[in-house]
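Survey of secondary and tertiary structure
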Protein chains: 2
Amino acid sequence: MLTTEDLFNRVGIAMRFAKDEEIYGEGEAADHVYRMISGTVRTSRFMADGRRPIGDFYYKGDIFGLELGETHEMAAEALSDCAVMVARREAIIQLGGEKALQALVLESTALALTNAREHLSLLVRKSASERVASFLLGMARRGGDNPIELVMGRQDIADYLGLTIETVSRMITQLQGQGVVRFEGCRRFRICNRDALLELAAAA
Amino acid sequence: MLTTEDLFNRVGIAMRFAKDEEIYGEGEAADHVYRMISGTVRTSRFMADGRRPIGDFYYKGDIFGLELGETHEMAAEALSDCAVMVARREAIIQLGGEKALQALVLESTALALTNAREHLSLLVRKSASERVASFLLGMARRGGDNPIELVMGRQDIADYLGLTIETVSRMITQLQGQGVVRFEGCRRFRICNRDALLELAAAA
DNA sequence: CGTCCCGTTGACGTGAATCAAGGATAGTGG
DNA sequence: CCACTATCCTTGATTCACGTCAACGGGACG
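Every chain is numbered independently, its residues counted from 1 as its sequence is written. Think of it this way: whatever chain is written first is A, whatever ligand is written first is 1, and the rest follow in order. Thresholds applied to this predicted model are a pLDDT of at least 70 for local features of residues and 80 or more for the giving and counting of side-chain atom pairs; totals over whole chains, interfaces and linings are not thresholded and use all residues. The side-chain values count all of the structure's non-hydrogen atoms but skip hydrogen atoms and water molecules.

An unreviewed UniProt entry lists chain A under the name CRP/FNR family nitrogen fixation transcriptional regulator, with Phenylobacterium koreense given as the organism.

**Considering the overall build of chain A**
Think of it this way: any DSSP run of H or I at least four residues long counts as a helix, any run of E at least two long counts as a strand, and we number them from the N terminus. Counting its regular elements, chain A contains six helices and 11 strands. For a compact globule the rule gives 2.2 Å times the number of residues to the power 0.38, and the radius of gyration it is set against comes from C-alpha atoms. A globule of 204 residues ought to have a C-alpha radius of gyration of about 17 Å, and chain A, at 18 Å, matches this closely. C-alpha extents for chain A along the principal axes are approximately 55 × 40 × 30 Å. Contact between two residues is taken to exist if any of their heavy atoms lie within 4.5 Å; hydrogens are not considered. A fraction of 71% describes how many contacts in chain A between residues 6 or more apart in sequence connect residues 24 or more apart.

**Topic: the interface of chain B and chain A**
Between chain B and chain A, the contact holds 21 residues from the first and 20 residues from the second. Reported buried area values correspond to the accessible surface (1.4 Å probe) lost by two parts on association, with both partners' losses combined. Of the roughly 2300 Å² buried at the junction of chain B and chain A (both faces included), carbon and sulfur atoms supply 72%. By salt bridge we mean one thing: a side-chain nitrogen of Lys or Arg within 4 Å of a carboxyl oxygen of Asp or Glu. Across the chain B-chain A interface, the total number found is zero salt bridges. N or O atoms within 3.5 Å of each other form a polar contact, as long as, within protein, one can give a hydrogen and the other can take it, and as long as residues adjacent in sequence are counted only when both atoms are side-chain atoms. Run the count over chain B and chain A and you get zero residue pairs in polar contact (both at pLDDT 80 or more). At 12 residues, the largest contribution of residues to the side of chain B that touches chain A is made by helix α2 (residues 89-124) of chain B.

**Some points on the sheet that holds strand β9 (residues 148-149) of chain B**
All names here are of chain B. Strands qualify as paired when DSSP identifies two bridges or more between them. Here we have three strands laid out as an open sheet, ordered β9-β11-β10, and antiparallel in their pairing. Two strands in the sheet have a free side with no partner beyond their single neighbour: β9 and β10 (181-183). As defined by bridge partners, β9 adjoins strand β11 (residues 188-191) across two bridges and the pair is classed as antiparallel. Bridge pairing in β11 places Glu 149 opposite Arg 188.

**Overview of the protein's contact with DNA strand C**
In these notes, residues near a molecule or strand are those with any non-hydrogen atom within 4 Å of it. Arg154(A), Thr173(A), Ala128(B), Thr167(B) and Arg170(B) are the nearest of the 16 residues found near DNA strand C. Ala128(B) places a main-chain nitrogen or oxygen 2.7 Å from a phosphate oxygen of DNA strand C. Note that a base nitrogen of DNA strand C is positioned 3.2 Å from one of the side-chain N or O atoms of Glu166(B). With four residues, helix α5 (residues 165-177) of chain A is the single largest residue contributor to the surface near DNA strand C. For the surface near DNA strand C, the per-class residue count stands at three nonpolar, seven polar and six charged. For this scheme, ten residues count as nonpolar: Ala, Val, Leu, Ile, Met, Phe, Trp, Tyr, Cys and Pro. Four count as charged, namely Asp, Glu, Lys and Arg, and the remainder, Gly too, count as polar.

This is the structure in structure tokens:
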């Protein structure tokens, strides 16, 4: 059985997207599948009232763009310059059969579900400081060791956490005041006291 | 190909659970799968600080208890007296092969993802009244026509919406004041002005 | 050096949480 | 059938966290 990576290497083509470039739009036909090689992508939707729910952030190795329906429910945008492998659904079926696509759908859906659940618990976990603490921990988990680079701006964080940029900013300042984290410029930080941060983020 | 329902009828056994009875606990081995016949089930998790995130409510025809991992991430509890078909994972594989189980996993995961997304948009959609309006609409969608019976208490609603019971109660009172819905006792209501309710629930 | 964009900070208002009673309803035992 | 109690729901008063509005700061770029 081919691994997901093999599959993409065989039938996919590499593409690069510049920062802020749109990869696909909301409502477009979803006949391609994407696999991150480097950089970060964000999916989001514009709503009439200006609120902008963020679906997810995708990092190296993640699959995205594979919808259960026919069209993309959210738009995908490059948060930083990035490289992705793009494959047509058809091509995947040709190479690996229906089974390969099904496996991919399951893998992708399962990941999305896990993320959605984590996101849910972030939003239900009410206080702003808990949300920000959890978010920073999550970034640290992905981003490897200190220092950690935030690829997204404050607005993206705010949208993701259901807060405003001012509140996010204040909470970050507060966490610094408590000596838990330390920002070096506004997009890079170090965790000074992991235990305290875990404490603040509370349960999983 | 067997339908999900057939599958359960062939290898499952019918069980009844009384109101408030636990169907399985958090952390237990997840080697059974459940399909609702009647009644309502809630999944939830207890957290150290007393908050209780609710995963989902399950109604007639829904599958639950099928985890991606080895153990149940949340406990399942009967909200009302209910009947379910229970099948062992092994039995499903024996009858329908790996493929049948995979299909079931995908079906179940996809549904869970859809629900989680809907739930997310409920929580990000900020105001308390919007959340309650959306919730009541959702209940109406499932519950058929007027009048609609709420199987869950205020606490469950509050947990689900990320609010307190007092706020839920106030919002309901407010919606009644606006003549949008009308409660007949605290667990049964009618929608008087569907358009206004849709308006209040806003997008999605 | 000036402009733009993004992030921070402050002052203030507001919506929901909290605290605290008070009613309604259902289940229980007489 | 009716008190009696336990639960659940509603309502009011108060507090507090976060949103909003507004000004300021600082780095990137021309």
